[in-house]
Amino acid sequence: MARKPIKPAATEASRRKRKTDQSSTVVRFLETSRAVTLAIFLLTAAGIGILSLIGLHPSGTQVIPHQVSPVRVTATVPFAYESEVRTERERQRQINLVGPAYSIRAQRFESFAEHARNLLAEIERLAETTAGMDEDSQVSVVRSFVENYEERSRHTISSEDVLSLLNHADSEQRAALFHDALNQLESIHRQGIYAPDTFPTRDTGDGLTLFTLYGPDESRLADRNIRSEAEARQVLRDRLEALEAPDAIILALRRIFRDGIAPNFEYDEAMTEERKARVARETAPVVVEVEEGDTIIRPGATVRPEQYEMYNAYREHLAERGEQPFDVPEQIVHRLLLVLGILLSAVVYIRIEDRESLKSNSRLALLGLLAAINLSLVWSVIHLSNAPPIAGNTSWLPVIPYLTPAAFSPLIVAMLIGQRPAIFMALIISFFTAIMFGYKVEMFVIAFLSSLVGIYYCQDIRFRGKLVKAASMTGVTVAVATLLLGAASMLDIMIIGRQMIAGLVVGALTGIVVVGILPILETLFRRITDITLLELTDSNHPLLRRMQIEAPGSYHHSLVVANLSENAAGEIEANPLKCRVCSLFHDVGKLVKPEYFTENQRDGFNPHIERNPSFSALIIKSHVKEGVDLAVKYKLPRVIIDVIRQHHGTTLIEYFFYQAKKQEKKESIPPFPGAGSIELDKVSESTYRYDGPRPQFKESAIIFFADAVEAASRSLKKVNQQNLEDLIEKIVRGRIEDGQLDECPLTLDEIARIKKSFCFTLLNMLHSRVEYPSDDAKPKSEAPTAQPAKHEAGEEKSAERTDSESVEEPKIRPR
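What counts as what
- Residues numbered from 1 in each chain as written.
- Predicted model: local features only at pLDDT ≥ 70, side-chain atom pairs only at ≥ 80, totals over all residues.
- Heavy atoms only, no water.
- Helix = DSSP H or I, 4+ residues; strand = E, 2+ residues; numbered from the N terminus.
- Buried < 20%, exposed > 50% of the residue type's maximum accessible area, 1.4 Å probe, protein only.
- Polar contact = N/O pair within 3.5 Å; in protein donor to acceptor, adjacent residues only side chain to side chain.
- Contact = heavy atoms within 4.5 Å.
- Core = buried A, V, L, I, M, F, W, Y, C linked by side-chain atoms within 4.5 Å.
- Salt bridge = Lys/Arg side-chain N within 4 Å of Asp/Glu carboxyl O.
- pLDDT = per-residue confidence, 0-100.
- Axes fitted to C-alpha atoms, helices over the stretch in contact; angles between N-to-C directions.
- Parallel < 35°, antiparallel > 145°, perpendicular 65-115°, else oblique.
- Nonpolar A, V, L, I, M, F, W, Y, C, P; charged D, E, K, R; others polar.
- Phe/Tyr/Trp six-rings, centres within 6.5 Å; stacked < 30°, edge-to-face > 60°.

Here we look at unusual backbone geometry
- Going from G692 to P693, the amide bond is cis rather than trans, its omega being 5°.
- The topology assignment puts P693 in the loop between α27 (654-667) and α28 (698-713).
- Phi at R526 takes a positive value of approximately 55°, unusual for a residue other than glycine.
- With respect to the helices and strands, the residue R526 is situated in the loop between α20 (493-525) and α21 (530-536).

This is how it looks when you write it as structure tokens:
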């Protein structure tokens, strides 16, 4: 049945106002003008120069305690100040001279004396109870008494000792003996008893152990001989044996009163601390007088706390006089010359190693802005040293340099531009950081090393979490370097710990900030990272979903081109992920009129039959502009828009061009023999060429070739390595001869590797399969032969045909 002619329908482009991606004159001027380039350089130089003069102002930080000083500071005027550091040192010296205070605890004797009096009273009542009893009964009562008494008290007594006191002394004698024994025990306690195993002693060499005692009013008492427990028991034994009493009673007293010997000489912490506090309060401030010409800070030496205090006092004294501690004009000239030299070196580096930056003012502006931001952060960190909680604090001031986020800009440059520019950015930032901190070599080494580690870990980052990890590794590097340098300088362990923690925290925070700021910089400067590219590979992206539904043939074609270009990019050190993403979107313009492209003509009808060649060529060419419009509408990155515009370059739409030439030839035939030829407008080749531009970067060129090779490979009747190599070589040679790579940095070696990769990938994609017989087929004696798979004809068949195909007339279908 004849198909009705297709009427021109309102397309998406005609129903909406077209968004153009043509840069305005002003934008092109700003991007390429050498005057703008010079202005960017001058602004960057001025900003860096101003920021680098931080350490010259009296409020700046050239000298940091516990760090090596880069300058010599000599007093130009005499001055005096009260030194808190030396006063504290003198105070500690006086406190260390304060001897420990000891006390004799009378409670130990009082407690035992009460027990002895109670025991005597109990024995007196027991004597009244046992009066007149026989010996056995008395023994039984005494044993019951002893058991009951031991249960009620913490002391032990024996039945034999109680019987001795009952049978060999009367009540008055017992009272007198207990009274004498307590007197002797009290005398021993007053002298002092110590425990050698738990208490330090000081042997004078003559057998005496001396302690210094202080009275309640802290007055020093005489040194005295303090007995140990064993010595005290021996003295008590000797004194009890000197009493006039039977041996049985003396033995009983010795057993009862030996429990009264216990250490009562103890260290009095409260009294000692009170004496130290009084000495501390009474220590007079130390006044330091500095004469004119005295050296305050020596270059190359570690700044001690007392030197830093003297330096601060000197600055305050000069500030009162309206002077400064350094020859600022001379140092300003010195630093500005350094800044100029470094920036000129940067210009030379860019001209030699990073010519892409010279072609793009936005890239130069990004580099300059990041350098200024990073140095501004350094400036902010330096001014922290003047904050009230930190200013003059010798414990926290050494931590200030390690709060510097030196890896901030290098990490961003590594993600947005590349690793080589990032390394150079790290060198610049590290150098200026060292200058701003007063020419500190260790600051340069730590900043540059940590930045290099971060740049190394930024390779092939496709997830934001890995970017935070890369930044955290810069903090780990700072911490390790700090530990090694601190140990070599024998810094206080607490200062080293604070510096390490500062480095780790700043590294993690730098990663978090970089992750947050990257999307903003990508939008402002039209850059793209692998993180964003990976997000665009999601097949649920609105444009990709539309292609799957509205133009499935074009979507499948884009997938194959993505595989071809991704593998080829890996062979020449281009960006495989960028190739894949750009390939997925390179033909989105076919969504506007998908039925005009062969791969989407599912029912076999070709609408180009009803169109003249020039109109068909216009429709084919329009998919590039329509693709740009859709990319702008869906806010795709600039690199994808560039690939959409460049993926056909300025190639010729040969099929319709040959059709037009053929039609022109037929129409120019004379109507009858002898009549002259009819003059017609000649077919203009420009009408049948894409508008371009031609490929301008490696990834675009790879997709440019992969797009043509994929389409042409489908027209091969027999797929083998030789045919594929011939086809690829023909396409590549033809496009090179057509001048399509004149603006692209691809080398011949890279093109050779791209062709080899295309061949390898296509051989694995277009492989043959065995044709299996049906279930009811009879078994054959011969094995089934491999048949080549049938493929849909490509869009530019005769332009990419093999030599075995017919060349009677062009059969190029629209692309």
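Things to note about the side chain of T283
- Note on placement: T283 falls in the loop between α11 (269-282) and β9 (286-290).
- You can call T283 buried: its relative accessible area is 12%.
- Only 2.8 Å separates the side chain of T283 from the backbone oxygen of V279, close enough to count as a polar contact.
- Once residues within four sequence positions are removed from consideration, T283 is found in contact with T87, E90, R91 and Q94.

Section: the nonpolar core
- By size, the foremost hydrophobic cluster in this structure holds 76 residues, and its most contacted members are F79, I296, Y314, I412, F432, C458 and L467.
- Excluding its chain neighbours within four sequence positions, the residues that come into contact with L467 are M415, C458, I461, V514, V515 and L518.

Details of the side chain of S715
- For S715, the position within the fold is in the loop between α28 and α29 (721-737).
- Within the structure, S715 has its side chain in polar contact with the backbone oxygen of A712 (distance 2.7 Å).

Some words on the pattern of salt bridges
- Inspection of every chain in the model, using the stated rule, returns 32 salt bridges.
- Between R237 and E241 there is a salt bridge, with its nearest N and O atoms 3.3 Å apart. Of the two residues, R237 and E241 both sit in helix α9 (residues 229-241), 4 residues apart, roughly one turn of that helix.
- Residue R237 is classed as partly exposed on the basis of its relative accessible area, which comes to 38%.
- Salt-bridge contacts for D691 lead to K621; the nearest nitrogen and oxygen are separated by 3.7 Å. Here K621 lies in helix α25 (residues 613-633) and D691 lies in the loop between α27 and α28, a separation of 70 residues in the sequence.

Re the confidence of the model for the chain
- Scored by pLDDT, the chain comes out at a mean of 81, with 82% of its residues at no less than 70.
- Within the chain, the lowest mean pLDDT, 39, falls on strand β12 (residues 786-787), and the highest, 95, falls on helix α24 (residues 576-585).
- Here residues 675-680 is modelled with pLDDT under 50, and outside its nearest four sequence neighbours on either side it reaches 10 contacts, counting other chains as well.
- Here residues 780-815 scores under 50 on pLDDT; set against residues more than four positions off or in separate chains, the count is 82 contacts.

Brief notes about the packing of helix α5 (residues 107-130) against helix α8 (residues 171-191)
- It is the contact of α5 with α8, at a shortest axis distance of 11 Å, that shows an interaxial angle of 170°. Judged on the interaxial angle alone, α8 and α5 are roughly antiparallel. Within the contact between the two elements, α5 uses R108, F109, F112, A113, A116, R117, L120, I123, E124 and A127 and α8 uses S171, R174, A175, F178, L182, L185, E186 and H189.
- Here the residues of the contact of α5 with α8 sort into 11 nonpolar, 2 polar and 5 charged.

Focus on the packing of aromatic side chains
- All chains considered together, the criterion is met by 15 aromatic pairs.
- Judged by centre distance (4.2 Å) and plane angle (5°), the ring pair of Y349 and F424 falls under stacked. Pair noted here: Y349 is in helix α13 (residues 328-353) and F424 is in helix α17 (residues 419-436), with a separation of 75 residues, a long-range link. Here Y349 and F424 have matching classes, each one buried.
- Ring centres 6.3 Å apart and planes at 85° place the aromatic pair F431 and F432 in the edge-to-face group.
- Take F431: its relative accessible area is 30%, and that puts it in the partly exposed class.
- Take F432: its relative accessible area is 0%, and that puts it in the buried class.

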